[in-house]
Protein chains: 2
Amino acid sequence: MSTTNTGVTASMRGHQLPVPVPAGEYARCPVTDLLRGLSDKWTLLLLTLLGQRPYRFNELHRAVEGISQRMLTRTLRTLETDGLVAREVFPTLPPTVEYRLTPLGVSLLEPLSALADWAVGHHAEITAARQRST
Amino acid sequence: MSTTNTGVTASMRGHQLPVPVPAGEYARCPVTDLLRGLSDKWTLLLLTLLGQRPYRFNELHRAVEGISQRMLTRTLRTLETDGLVAREVFPTLPPTVEYRLTPLGVSLLEPLSALADWAVGHHAEITAARQRST
DNA sequence: CAGAATCCGTGGAGATACTG
DNA sequence: CAGTATCTCCACGGATTCTG
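About the cut-offs
Here the residue numbering is sequential within each chain, running from 1 through the sequence in written order. Key to labels: chains lettered from A, ligands numbered from 1, both in the order written. Where local features are concerned, this predicted model is filtered to residues with pLDDT of at least 70; where side-chain atom pairs are given and counted, the filter is 80 or more; whole-chain, interface and lining totals use all residues. The basis for every side-chain value is the complete set of heavy atoms in the structure, and neither hydrogens nor water enter the calculation. Each helix corresponds to a stretch of at least 4 residues labelled H or I by DSSP, and each strand to a stretch of at least 2 residues labelled E; elements are numbered beginning at the N terminus. Within these notes, the globule rule equals 2.2 Å times the number of residues to the 0.38 power, and the radius of gyration is based on C-alpha atoms. The cutoff for a nearby residue is simple: one of its non-hydrogen atoms must lie within 4 Å of the molecule or strand. Whenever a nitrogen or oxygen atom comes within 3.5 Å of another N or O atom, the pair is scored as a polar contact, on the condition that within protein one atom can donate a hydrogen and the other can accept it, and that pairs from neighbouring residues in sequence are kept only if both atoms are in side chains. All residues other than Ala, Val, Leu, Ile, Met, Phe, Trp, Tyr, Cys, Pro, Asp, Glu, Lys and Arg, Gly among them, are scored as polar; the first ten of these are nonpolar and the last four charged. Alignment of the copies relies on least squares applied to C-alpha atoms, considering only residues that score at least 70 for pLDDT in both. Two aromatic rings, drawn from Phe, Tyr or Trp (for Trp, its six-membered ring), form a pair once their centres lie within 6.5 Å of each other, and the interplanar angle then sorts them: stacked below 30 degrees, edge-to-face above 60, tilted otherwise. Whether a charge lies above a ring is judged from NZ of Lys or CZ of Arg, which has to be within 6 Å of the ring centre and within 35 degrees of the ring normal. Expected span of a helix: the number of residues minus one, times 1.5 Å. One axis fitted to the seven residues ending at a residue, another fitted to the seven starting there: the angle between these axes is the bend at that residue. Each pair of strands is called paired provided DSSP finds at least two bridges between the two strands. Every residue pair with non-hydrogen atoms within 4.5 Å of one another is taken to be in contact. With axes taken as lines fitted to C-alpha atoms, and helix axes fitted only over the stretch in contact, angles between N-to-C directions fall between 0 and 180 degrees. Using a 1.4 Å probe, buried area is obtained as the accessible area two parts lose upon being combined, added over both of them. One side-chain nitrogen of Lys or Arg within 4 Å of one carboxyl oxygen of Asp or Glu is enough to make a salt bridge.

## Here's the deal with the overall build of chain A
Reasoning step 1: The helix and strand tally for chain A stands at seven helices and three strands.
Reasoning step 2: Of the regular secondary structure in chain A, the N- to C-terminal order runs α-α-α-α-β-α-α-β-β-α.
Reasoning step 3: Here the C-alpha atoms of chain A give a radius of gyration of 19 Å, more than 25% beyond the 14 Å that 2.2 N^0.38 yields for 134 residues.
Reasoning step 4: A principal-axis box enclosing the C-alpha atoms of chain A has dimensions of 60 × 40 × 25 Å.

## Observations regarding the protein's contact with DNA strand C
Reasoning step 1: In the vicinity of DNA strand C lie 20 residues, with Arg87 and Tyr99 of chain A together with Lys41, Arg70 and Arg74 of chain B positioned nearest.
Reasoning step 2: Each atom of DNA strand C within 4 Å of the protein belongs either to a base or to sugar and phosphate, the latter forming 65%.
Reasoning step 3: Between DNA strand C and Arg87 of chain A there is a distance of 2.5 Å, counted from a phosphate oxygen to a side-chain nitrogen or oxygen.
Reasoning step 4: At four residues, the largest contribution of residues to the surface near DNA strand C is made by helix H6 (residues 69-81) of chain A.
Reasoning step 5: When its residues are assigned to classes, the surface near DNA strand C shows eight nonpolar, five polar and seven charged.

## Considering the relation of the copies chain B and chain A
Reasoning step 1: It takes a turn of 180° to lay chain B on chain A, together with a shift of 0.0 Å along the axis; the resulting RMSD is 0.1 Å. The transformation relating the two chain copies, once decomposed into turn and shift, fits a two-fold axis. For chain B, the minimum C-alpha distance to the rotation axis belongs to Ser39 of chain B and amounts to 3.1 Å.

## Focus: the protein's contact with DNA strand D
Reasoning step 1: Around DNA strand D lies a shell of 21 residues, among which Lys41 and Arg70 of chain A together with Gln69, Arg87 and Tyr99 of chain B are the nearest.
Reasoning step 2: For DNA strand D, the backbone makes up 65% of the atoms found within 4 Å of the protein, where backbone means sugar plus phosphate.
Reasoning step 3: Arg36 of chain B is positioned such that a nitrogen or oxygen atom in its side chain is 3.4 Å from a phosphate oxygen of DNA strand D.
Reasoning step 4: If you list the elements that add at least two residues to the surface near DNA strand D, you get H6 of chain A together with helix H5 (57-63), helix H6 (69-81) and strand S3 (96-101) of chain B.
Reasoning step 5: For the surface near DNA strand D, the per-class residue count stands at eight nonpolar, four polar and nine charged.

## A closer look at the packing of aromatic side chains
Between two aromatic rings, the relevant description is the distance of the centres plus the angle of the planes.
Reasoning step 1: As enumerated under the stated definition, the model contains two aromatic pairs over all chains in all.
Reasoning step 2: With a centroid separation of 6.0 Å and 20° between ring planes, the pair formed by Tyr26 of chain A and Trp42 of chain B is classed as stacked. With Tyr26 of chain A in helix H2 (residues 23-27) and Trp42 of chain B in the loop between helix H3 (30-38) and helix H4 (43-50), the pair connects residues from two separate chains.
Reasoning step 3: The ring centre of Tyr55 of chain A lies 3.9 Å from the NZ or CZ of Arg53 of chain A, which sits over that ring.

## Re helix H7 (residues 103-132) of chain A
Reasoning step 1: Along its 30 residues, H7 of chain A runs 43 Å from first to last C-alpha, staying within 8% of the 44 Å computed at 1.5 Å per residue.
Reasoning step 2: Along H7 of chain A, the largest kink reaches about 55° and is centred on His122 of chain A.

## Concerning the sheet that holds S3 of chain B
All names here are of chain B.
Reasoning step 1: With respect to topology, three strands assemble into an open sheet ordered S1-S3-S2, the strand pairing being antiparallel. Both edges of this open sheet fall to strand S1 (55-56) and strand S2 (85-90), since each of them pairs with a single strand only.
Reasoning step 2: In this structure, S1 lies alongside S3, joined through two bridges in antiparallel fashion. Across the sheet, Tyr55 pairs through a bridge with Tyr99, a residue of S3.
Reasoning step 3: H4 rests against S1, S2 and S3 of the sheet, and its axis sits at about 95° to S3.
Reasoning step 4: Lying over the sheet, H6 contacts S2 and S3, oriented at roughly 110° with respect to S2.

## Structural notes on the interface of chain B and chain A
Interface size is commonly expressed as the accessible area that is lost once the parts come together.
Reasoning step 1: Taken together, the contacts link 63 residues of chain B with 63 residues of chain A.
Reasoning step 2: Both sides together, the interface formed by chain B and chain A hides about 5900 Å², and carbon and sulfur atoms give 67% of it.
Reasoning step 3: The interface formed by chain B and chain A includes four salt bridges.
Reasoning step 4: As a salt-bridge pair, Asp33 of chain B and Arg130 of chain A come within 3.2 Å of each other at their nearest N and O atoms.
Reasoning step 5: Put simply, chain B and chain A have 17 residue pairs in polar contact (both at pLDDT 80 or more) between them.
Reasoning step 6: For the side of chain B that touches chain A, the secondary structure elements donating two or more residues are helix H1 (8-12), helix H2 (23-27), H3, H4, H5 and helix H7 (103-132) of chain B.
Reasoning step 7: No other element matches the 20 residues that H7 of chain B contributes to the side of chain B that touches chain A.
Reasoning step 8: Looking at the side of chain B that touches chain A, its residues break down into 35 nonpolar, 17 polar and eleven charged.

In short, the description is geometric, and any link to function would need to be established separately.
Printed below as a string of structure tokens:
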């Protein structure tokens, strides 16, 4: 397979990985890149909310208990930069800004749900394993 | 759905999320927890290698260019604590330690591959979106 | 309403050196 | 061979203040 830098995807299906794995290429692996983007404190939750319907800025602020304005802005900007979320400004007074998933963002929800299902389904096993190793 | 703290999974399928999302419960969401565990620098690569076959410690060290002994140990320990990787010590001289995926670890590879496929398949779009917003 | 700008504290990643 | 021990550093996240 030639579409991944490190063969991470391919290897999960039982193909070969170049060993040793080159350090420089692994750093640019798209899979790792995606995981890092999803794993911060608020991204997953915002994706989930926006997966239901569009939201305005302060609407999200109210919907997510505990998030600061700064982190809400920052997280939305990153999602927008990656093309997962679209930001639309309505020239009203006061200004209204709406956020919604792009088609790319919507398409991400499917594989993400599969992983989420696994997490939910096996969370008890992980918790049990953790307590066992205390 | 009652198996997830925040409804993240359920909402991805179009169900309801409790709004506002309680801060304390979201912190313990199994999905976020899993993503965090997968998103560090080496976990994904080690899972991938161990998905092919068992490895000894220094064998992994050689296979992963750029990883330090400390991070290799730490990452493997975390995977072991979570029950994804099994560590087996052979009382030879010098000592031999083998790492392999547990059945739980193997089962994770499937949904993870789906996400990896998405990452590979849409990486060009993400890269394009990023450059567009320069 | 929807942010930008600034400051700050802290956890955890990672390098280096040492060891049974 | 397979680890520990110790250190540094910075980027992630939060609080606060200001604005078109």
